[in-house]
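The residues making up each chain are set out below.
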Amino acid sequence: MTTALLVAALLMGFFGSPHCLGMCGGLVTAFGLSMKDVSPAKRRGLVATYHLGRLLSYSFLGLLAGLIGTTVLEPLMMGNSMPRLLLGAVLVLVGVTMLGAPFLTKLERFGMRFWQFLGPLRQKVFPLTTFPRALTAGLLWGFLPCGLVYGALLIAVVAHNPLGGAALMFVFGLGTVPMLVATHETVSWMRDKIGRFRLRQLNGVVMVLSGMAVMFVPIIMANMHGGHGGDTHMSHGNPAAITSEAGGSNHHDMSQMDHSMHNMDTDADTMNHSQ
């Protein structure tokens, strides 16, 4: 688990939180109405408690996602580039989803069935007047079907690290907290700014580009390094060859000189003998 992935998860949660508000707005309203008779101080404590429960629930799901990645995917991807390619593909998928593509709607439909199954248990936590009830409500809230949550879980799966998956989902949940605990005026301001500057779409583009970089930049760098390595090999090889050739040539020249000197001595002896 890298810092870059944790930052991506945090930004994903924050810039995707207007979507979370649309999905969870009714639930937040119901929680607020059930706490209308408690004091403001206790109300703040209950709000913090059910958000803590939600983050713990996300962390648990991230832990399961990391375990799936470790036990199922990792044995299939040992010693090859598949982990990097799969992570890049998931980042691209999540980024395109943040741009508005409905790629995770089927997962949301499946999650809705489980959410409906939890209906009787959800009814028992109301009204949220005690901290155990608030914590239980938050734990259940973590299973609310949401494409953004499923996208973060996919990243946790391909990270194939259980603790890292839990940390990633916890950080993702932290990113969604400001929008969900803000007052009505602050919510309107945040939604306006995120919408006006298209920050969610911008974050989606960044995630798409990051995924493509994860997939293709190492390949490009390897090819460039391979080409440079060939030139380097040639440049390192040539001096040795030149030195070898120079050494061989010098040795040959010295042999010829020795042979010539020997012939001159022989000729001189012959002349002296003749005289």
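Above this note sits the structure.
As the structure is a computational prediction, the values presented were derived from the model and not from experiment.

What counts, and at which threshold
- Residues numbered from 1 in each chain as written.
- Predicted model: local features only at pLDDT ≥ 70, side-chain atom pairs only at ≥ 80, totals over all residues.
- Heavy atoms only, no water.
- Phe/Tyr/Trp six-rings, centres within 6.5 Å; stacked < 30°, edge-to-face > 60°.
- Helix = DSSP H or I, 4+ residues; strand = E, 2+ residues; numbered from the N terminus.
- Buried < 20%, exposed > 50% of the residue type's maximum accessible area, 1.4 Å probe, protein only.
- Lys NZ or Arg CZ within 6 Å of the ring centre and 35° of its normal.
- Axes fitted to C-alpha atoms, helices over the stretch in contact; angles between N-to-C directions.
- Parallel < 35°, antiparallel > 145°, perpendicular 65-115°, else oblique.
- Left-handed = near helix turned anticlockwise from the far one by under 90°.
- Contact = heavy atoms within 4.5 Å.
- Nonpolar A, V, L, I, M, F, W, Y, C, P; charged D, E, K, R; others polar.
- Patch = residues over 30% accessible without salt bridge, like charges linked within 9 Å, V, L, I, M, F, W, Y side chains within 5 Å.
- Areas by Shrake-Rupley, 256 points an atom, 1.4 Å probe, with all protein chains shown as cover.
- Salt bridge = Lys/Arg side-chain N within 4 Å of Asp/Glu carboxyl O.
- 1 Å grid on protein atoms, 1.4 Å probe; cavity = no way out; pocket = protein on both sides within 12 Å on 5 of 7 lines; lining within 4 Å.
- Points joined across faces, edges and corners; volume = space filled by probe spheres on them.

Undergrad: I tried to follow the packing of aromatic side chains on my own but got confused; where do I start?
TA: Within a pair of aromatic rings, the relevant descriptors are the distance that separates the centres and the angle that separates the planes. Evaluated as defined, the whole model comprises eight aromatic pairs. Between Y50 and W141, the aromatic rings sit 5.7 Å apart at their centres with planes inclined by 50°, giving tilted as the arrangement. Remark: W141 occurs in helix 7 (residues 131–141) and Y50 occurs in helix 3 (residues 40–73); sequence separation between them is 91 residues. For the pair formed by Y50 and W141, the shared burial category is buried. Note on F114 and F143: the rings are 5.6 Å apart at their centroids and 65° apart in plane angle, and the pair reads as edge-to-face. Highlighted residues: F114 in helix 5 (residues 105–117) and F143 in the loop between helix 7 and helix 8 (147–158), separated in sequence by 29 residues. According to the relative accessible area criterion, F114 is partly exposed, its value standing at 38%. Feature note: the residues F31, Y50, F126 and W141 constitute an aromatic cluster, connected by ring pairs. Over the face of the ring belonging to W141 we find R54, whose NZ or CZ atom lies 4.9 Å from the ring centre. Just above the ring of W115 sits the side chain of R122; from NZ or CZ to the centre is 4.1 Å.

Undergrad: What is the right way to look at the packing of helix 3 against helix 8 in this model?
TA: A pair of packed helices can be characterised by two numbers: the angle between their axes and the separation between those axes. Here helix 3 crosses helix 8 at 40°, and the two axes come no closer than 7 Å. Here helix 3 is positioned oblique relative to helix 8, judged by the angle of their axes. Note on packing geometry: the crossing formed by helix 3 with helix 8 is right-handed. Judged by residue contacts, Y58, L61, G62, A65, G66, G69 and L73 of helix 3 engage V149, L153, A156 and V157 from helix 8. Considering only residue class, the contact of helix 3 with helix 8 consists of eight nonpolar, three polar and no charged.

Undergrad: Looking at this structure, how should I read a nonpolar patch on the surface?
TA: A cluster of nonpolar residues, L99, V205, L209, M212, F216, V217, I219, I220, M221 and M224, forms a patch on the protein surface that exposes about 900 Å² of accessible area. Structurally, the position occupied by V205 is in helix 11 (residues 199–274).

Undergrad: Whenever I open this one, empty space enclosed by the protein confuses me. Can you help?
TA: Empty space among the atoms becomes apparent when a probe as large as a water molecule is rolled across them. Under the counting rule described, the total for this entry stands at two cavities of 30 Å³ or more. Considering the residues around the largest cavity, the lining is formed by 12 residues, among which C24, Y58, L144, C146 and V149 are closest to the centre. Contributing elements (two or more residues each) for the lining of the largest cavity: helix 2 (17–34) and helix 3. Considering every element that reaches the lining of the largest cavity, the biggest residue donor is helix 2, with three residues. A breakdown of the residues in the lining of the largest cavity according to their chemical character gives 10 nonpolar, one polar and one charged. Of the volumes computed, that of the second largest cavity is approximately 40 Å³. L27, F31, W115, R122, V125, F126, A137, L140 and W141 are the residues that line the second largest cavity.

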